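Residue-level structural notes
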Amino acid sequence: MGYVIADGDSVVYRGPDADILLSEGFARGHCFHVVEGNGVRAGLLGVGFRPIDMPSGIVGIRGTIWMVPESRELRDVEFSYQPISRDESQAGVGGEVRFLRLPDGSWLVRSWELRMPRVQMRRIAPVLTGRPMPGRTIREVVGTQVFGGAVIRLEGAGIMFADTTELERAAAERAARATERVFTLRHDVCGPIAGGGIDLSIKSVGVAEGRLRDSSGTSLVDVLIRADWQSDFRVGIDERVRFQNRGRETRTVEDGRFVLCELPFDVPISIRALVADRAVAQQTIRLNTAKPVDTLALTGTTNRVVAGGVTAAETQSATLRLRVLGELGEPLADAEVTIVASGTPSEAAVRHRTNTDGHATFDGLKAGAVEIAVRRIGQAMQTLRLDIGEGRNEATIRMSRTAVSLDPVRTIGNRVVNARYAEVDRRIRAGVANAVVGRVDFERVRPITVTQMLRRVQGIRLEDSSGTTIITSGRGDRITPGGSRLPCILRVMVDGVLSTASQVERLVPTDIHAIEVFLGPARIPLELGARSSGWCGLLAVWTRVD
């Protein structure tokens, strides 16, 4: 029957369970291949599968079974449907099944979800033609609906299971008592963390700890340990997915020990030991509620790694460890330290920021005179000229408080500030437009297409004329000099250039900064166009700048 089946006026979407994946029928009907994990799946081994010889009208699934390479431990299965339309693919229609291994060696489905399309039928009727033409009905994907379930608690042999509705209700109850926090585990360094017996829908954090040694077993001290993973993503106008990189870092202390706090659950996390920006040890982990703390034993990948985090080939170079303190001797975190060798251009400068202990360590420097500059908000800049020798060097810099009056500035995150945005934001604050659809509105609704947002705007109508989308004013028709009545069509502008509503439909919602709607020529600003009575109004679309 397949995984997508029509049932009266509804469509049923199904996903595979363990019995299906292990069945002979699934093996006969699918082609398998090895997939190496990358990006958020870095370090994992995948077994990809796709259907073969699918009968016409039957919808199958394709996807990847992900596992840990060394132990072959099953992690999760992600899948999508095949065949699938382009709109459904962009909406992420598919699903995921995540597994959990219990202490007694048995397995269960920890959580699962199905992402189904929300579809509406829209009738297209020509409105600008002089002769009658038949209309037609199209199927339009307007969003996704997620349904699933999760094991929310393990207590002895008992398992409590909740579906999507119960999870949403539990989340609402927690929001009503936001001050109530319950944790079952507490780490000595990182404090309370989520663990077994805790509600999985609480925002969980995990811990990675361990020791770093070289191949001879010698502990490596003051080596940078960094955790990297990928989180939120967006699809650009070129339909490429771009992920946002996240990270945490610390340094090894006595006996080569390290602790990394506030790590996410259920994503591959790359743990690397870095010496002079070169990874000397690396391991990929994946934390979850059953395993919120992972203990690592990192070993340098080459026997050239020696104590202190310096390779044998680098023993002729210098390492400088700076500590930045305040007026009262308190360590200053997030201070920018710049080091450049005397007599070299400023382009050769190396920059680091101090950690929570006020330390910044520079490896691989050339012995000799260096110039150091330290900057931090609220502190007077300090400069220092220092002669460093081969091997390990240490220095302390004490800063003094200062107050500087800065000119007023506007800070806009994640995009380039330019004059176009300044004018747009000024008009929005002044209420020049009849209606505005801003970035906050797009992030709240998360539409699949731009037209979904435009249909929410009062005062305009989206209509189809022989397959071409037009935007008309809701204030009524336009009377021609001859007395005829015609739809009052709004002009469309994209980034200051006149365009068409059909071009706006092709834009990706995440690439739009704001949409201004001006109803009537009197509301159109002079900088955007003429106030001719022939203009029924203007729809001004402004795209984002990466």
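Residues numbered from 1 in each chain as written. Predicted model: local features only at pLDDT ≥ 70, side-chain atom pairs only at ≥ 80, totals over all residues. Heavy atoms only, no water.

1. Topic: the sheet that holds strand β35 (residues 497–499)
- Taking strand neighbours across the sheet as the criterion, the 5 strands line up as β29-β36-β37-β34-β35 in an open arrangement whose pairing is mixed. Looking at which strands have only one partner, the edges of the open sheet turn out to be β29 (435–438) and β35. Taking each pair of neighbouring strands and ignoring which way they run, the sheet shows an average axis angle of 20 degrees.
- Sheet topology places strand β36 (residues 512–519) next to strand β37 (residues 537–543); 7 bridges connect them, and they run antiparallel. Note on β37: the bridge partner recorded for Val517 is Leu539. (Pairing = 2+ DSSP bridges. Helix = DSSP H or I, 4+ residues; strand = E, 2+ residues; numbered from the N terminus. Axes fitted to C-alpha atoms, helices over the stretch in contact; angles between N-to-C directions.)

2. So, the pattern of salt bridges
- In total, this model carries 22 salt bridges according to the counting rule given.
- As a salt-bridge pair, Arg226 and Asp228 come within 2.7 Å of each other at their nearest N and O atoms.
- Salt-bridge contacts for Glu423 lead to Arg426; the nearest nitrogen and oxygen are separated by 2.9 Å. Here Arg426 and Glu423 lie together in helix α5 (residues 419–430), a separation of 3 residues that amounts to about one turn.
- The structure contains a network of salt bridges with shared partners spanning Asp222, Arg251, Arg321, Arg392 and Glu394. (Salt bridge = Lys/Arg side-chain N within 4 Å of Asp/Glu carboxyl O.)

3. Concerning the state of the cysteines
- Within this structure, the stated rule accounts for 1 disulfide.
- Here Cys488 is linked by a disulfide to Cys536, with a sulfur-sulfur distance of 1.8 Å. Between Cys488 and Cys536, the disulfide has an S-S torsion of -115 degrees and is therefore left-handed. Of the two residues, Cys488 sits in the loop between β33 (485–486) and β34 (491–494) while Cys536 sits in the loop between β36 and β37, which places them 48 residues apart along the sequence. Pair check on accessibility: Cys488 and Cys536 agree, each one buried. (Disulfide = S-S within 2.5 Å. Buried < 20%, exposed > 50% of the residue type's maximum accessible area, 1.4 Å probe, protein only.)

4. A word on the pairing of strand β1 (residues 4–7)
- Bridging between β1 and strand β2 (residues 10–13) involves 4 bridges; their strand directions are antiparallel. The residue of β2 that forms the bridge with Ile5 is Val12.
- Linking two consecutive strands that pair antiparallel, namely β1 and β2, is a turn of 2 residues; a positive phi of about 65 degrees is found at Gly8 within it.

5. Overview of the environment of Gly537
- Mapping Gly537 onto the fold places it in strand β37.
- In sequence terms Gly537 and Val492 are 45 residues apart; their C-alpha atoms lie 8.8 Å from each other.
- Those residues within four positions of Gly537 in sequence are excluded, and the remaining contacts are Leu490, Arg491, Phe518, Gly520 and Ile524. (Contact = heavy atoms within 4.5 Å.)

6. Focus: the side chain of Arg439
- Within the fold, Arg439 resides in helix α6 (residues 439–445).
- In this structure Arg439 comes out as buried when scored by relative accessible area, which is 17%.
- For Arg439, the contacting residues outside a window of four places in its chain are Pro509, Thr510, Ile512, His513 and Arg544.

7. What to know about the sheet that holds strand β23 (residues 336–341)
- Strand order in the open sheet made by the 4 strands is β24-β23-β26-β27, with antiparallel pairing throughout. Strand pairing shows two members of the sheet lacking a second neighbour, β24 (350–353) and β27 (382–388), which therefore form its edges. Going across the sheet, the axis of each strand differs from the next one's by a mean of 25 degrees, ignoring polarity.

8. Thoughts on the packing of aromatic side chains
- This model, assessed by the stated rule, comprises 4 aromatic pairs.
- Ring centres 5.4 Å apart and planes at 70 degrees place the aromatic pair Phe26 and Phe49 in the edge-to-face group. Taken together, the positions of Phe26 in helix α2 (residues 24–28) and Phe49 in strand β4 (residues 45–51) put the pair 23 residues apart, joining distant regions of the chain. Each member of the pair, Phe26 as well as Phe49, carries the same accessibility label: buried. (Phe/Tyr/Trp six-rings, centres within 6.5 Å; stacked < 30°, edge-to-face > 60°.)

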